[in-house]
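Each chain, written out:
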There are 2 protein chains.
Amino acid sequence: MSAPLRLGIAGLGTVGIGVVKIIQNHADLLAARCGRAVTITAVCARDRHKNRDADLSDYAWEESAVDLARRDDVDVFVELIGGDEGIAKDATEAALDSGKDVVTANKAMLAVHGQALAERAEAQDRLIRFEAAVAGGIPVIKTMTESLAGNALTRVMGVMNGTCNYILTRMQSAGLPYETVFEEARQLGYLEADPTLDVGGIDASHKLAILAAIAFGTRVAFDAVEIEGIERVSIDDINRAADMGYRIKLLGVAQMTARGLEQRMSPCLVPCDSPLGQLEGGTNMVVIEGDAVGQIVLRGAGAGEGPTASAVLSDIVDIARGIRLPVFGQPAAALQTPHPARTAVPAAYYLRLELADKPGALAKVATVLGDAGISIDRMRQYGHAAGSAPVLIVTHKTTPEAIDHAIAALPRTGVITGDPVELRIEEV
Amino acid sequence: MSAPLRLGIAGLGTVGIGVVKIIQNHADLLAARCGRAVTITAVCARDRHKNRDADLSDYAWEESAVDLARRDDVDVFVELIGGDEGIAKDATEAALDSGKDVVTANKAMLAVHGQALAERAEAQDRLIRFEAAVAGGIPVIKTMTESLAGNALTRVMGVMNGTCNYILTRMQSAGLPYETVFEEARQLGYLEADPTLDVGGIDASHKLAILAAIAFGTRVAFDAVEIEGIERVSIDDINRAADMGYRIKLLGVAQMTARGLEQRMSPCLVPCDSPLGQLEGGTNMVVIEGDAVGQIVLRGAGAGEGPTASAVLSDIVDIARGIRLPVFGQPAAALQTPHPARTAVPAAYYLRLELADKPGALAKVATVLGDAGISIDRMRQYGHAAGSAPVLIVTHKTTPEAIDHAIAALPRTGVITGDPVELRIEEV
């Protein structure tokens, strides 16, 4: 049996403590599976004296993550601090520069600095592994990088922020408005300190940008993700979409098209009987499509102590077993700078309008859509109330440009009140 | 860039040709991902002159798979012949003995000879990789062996024979009896030459035994799988189960219990709104549960040229990248001989009886169940026809022994006609 693999763990929040517990509780299992022991040399965290649910007395304590990263008796630096800048990045760079492999759960850092860090790691012949950065316990990085390595991947999509999916499914099941459920989620501790990271779609977009890089062999391009959060999703639209057989999900989609790399994070409609449509609560789902494999769906807990620690251990075990791969599945220098697609590929759209109770109103709407080249698949007009009637339209497949054109033209008809709502219907 | 990885491919059926096509069409992609070229040196198959959907003219042709396996210019022997004995096994052994790694899709061979082959491989410091042997394109072997290596796995279950799931879902959607749909499936070419392998649950049990070995660190024990096929599943039970909110699936379940290793393959009820319940047609699904990760669900095509070839390539790429792991995730010598559990863990059960139209009949049935210690969760009696009425019972959680006891006692009440049907309701 080889020498033990010695870890330095920076960050002792939920995930860090989860990792410590697994290494303590499954020492024999890990040794059997790795052919060597996995041990912890040293740890660090902001507050040494915080009461933590694990015995850390066997480990050296470092005040600084950078010092921890440079210790001679550490083989792998496990970065569980978080944040795209500051101490997490400084310590990661210090670890690489002093010849350590890095395991991290830090999606923000990789989304923003992934290329530079990958180049730095490869220059030192070191690894950065990050299974825990995307979709918690779901093995999406390994599946894409290794299991589907014989495929040209064509599309990756998923529900990758459990808090948003909790809010949307809770709105639906309880019939509550967004603001109420948002407040519930906040009180349950489901939201990040800056909730925009969750409900603004930023956290999920970090993950999407990482997946796109692996899927298409491109440099991670978080800035090019078109992001829309769930703040404008109304209980009305959730209910109307359900009437038409759909669920609204904060869906990330990355695909390589003839017009470039498309990366979108936005509330979309998906059929309620599809795996994505059936996904309730805080669970995550990633759908990967390849030219040989067809469609693979992975589902599991996207956050939490156990699931995220499980993903961190996946990377640690790989390193202990001597598995060494380039950071994004191929050498950083080979990754192409992606050309972002200017617009999304055509899709069906859901439109909701408040139609004034005037003769010929619907005809005017239909004319606007027809003039924009949009044909109607299904239409429903609901009972009148207070002089206006909600109208739902599901279009046939059309371009985002045509929809934008129609949305701009509709108010000029003088027969709709308020702003029309448009949501993309993603083919899943 | 290192020297090319040279393959010898034995078996040029659907999967073999799928592998050849990926290697031809994705040569650049594979080279970028592996850091070296992946090439084919030689191939063999039963009939050299069969018309195949691929250009094989660049490859040497061997008449014998054993000779192919021994060629000096082959690094990896790719066994896609099938069958647990005979040429597949002979050639696999020859490959290992002459220092080749082996990639195979052969679930039967591994289920029956997995331990001996693993020992032989490790004695030669060679690999056997078999992602394609279980659930086609779904990366279940890698997920269990690598991604979840930080978990004590607690249960693995799944729908792993697409033909059976096609038959069961088609019976339900079309309201057709088993015999009719079986014949349809035969004519569509969905069935193995020996259909018992499919509908008798044997093929799926081969897969289950392999997954159990990996999950629990035990020697593969196909003989210990308790197998029941789908032949006795009636359209009546499918419809009645649906009335109660369930679907009937041929479900494989492996779990390590205090009473030993439980491996069951049988028609089970699962809630119709669970991922397993929602699985339609030929798709496969594997559910893996671990102490840290919770539940992971993997879904995808379980068979077919592209998906299965994708899984074969996953193994080939790993070998090209220098990834070397023990055959079942830990050294063969460390695998324990499992102690098979004598009976399954308690579960709720579905019972269907034909009750004679006699006063006090239901009371007698209820008494038998009560005497066996079985309590009733839900009961439905349907309209009478021809002197008897179907009665459905969903029990609370009880032991298989109690159910067996009740099933034996029920006919003695004199108030039921025909044989009672009992099906396990699996908690998913």
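Keep in mind that what you see is a predicted model, and the values were worked out from it rather than measured.

(A) Broad picture of the domain arrangement of chain A. Structurally, chain A comprises domain 1 (5–133), domain 2 (142–302) and domain 3 (348–425). Using only C-alpha atoms to locate each centre, domain 1 of chain A and domain 3 of chain A end up separated by 53 Å.

(B) Summary view of the environment of Q24(B). Residues and elements named next belong to chain B. On the secondary structure map, Q24 appears in helix α1 (residues 14–25). A count of 13 C-beta atoms within 10 Å places Q24 in the partly exposed class. For the pair formed by Q24 and A54, sequence separation is 30 residues and the distance between their alpha carbons is 9.2 Å.

(C) Up close: the interface of chain A and chain B. In this complex, chain A contributes 45 residues to the contact, which on the side of chain B involves 45 residues. Those elements giving two or more residues to the side of chain A that touches chain B turn out to be α2 (27–34), α6 (140–147), β12 (294–301) and α12 (305–320) of chain A. Looking at the side of chain A that touches chain B residue by residue, the class counts come to 22 nonpolar, 17 polar and six charged. Where β12(A) meets strand β12 (residues 294–301) of chain B, three bridges bridge the pair, whose relative direction is antiparallel. When the sheet's bridge partners are listed, L298(A) is paired in β12(B) with L298(B).

(D) Examining the packing of helix α5 (residues 107–123) of chain A against helix α10 (residues 202–216) of chain A more closely. Residues and elements named next belong to chain A. At a minimum axis separation of 9 Å, α5 and α10 run at an interaxial angle of 50°. Between α5 and α10, the angle is such that the two are oblique. For the element pair α5 and α10, the recorded crossing hand is left-handed. Residues K107, A108, L110, A111 and G114 of α5 pack against D203, H206, K207, A209, I210 and A213 of α10. Of the residues that constitute the contact of α5 with α10, the class distribution is six nonpolar, two polar and three charged.

Scoring rules and cut-offs
Residues numbered from 1 in each chain as written. Chains lettered and ligands numbered in written order. Predicted model: local features only at pLDDT ≥ 70, side-chain atom pairs only at ≥ 80, totals over all residues. Domains from an automatic or database assignment. Helix = DSSP H or I, 4+ residues; strand = E, 2+ residues; numbered from the N terminus. Buried ≥ 20, exposed ≤ 12 C-beta atoms within 10 Å, placed from the backbone. Contact = placed C-beta atoms within 7 Å. Nonpolar A, V, L, I, M, F, W, Y, C, P; charged D, E, K, R; others polar. Pairing = 2+ DSSP bridges. Axes fitted to C-alpha atoms, helices over the stretch in contact; angles between N-to-C directions. Parallel < 35°, antiparallel > 145°, perpendicular 65-115°, else oblique. Left-handed = near helix turned anticlockwise from the far one by under 90°.

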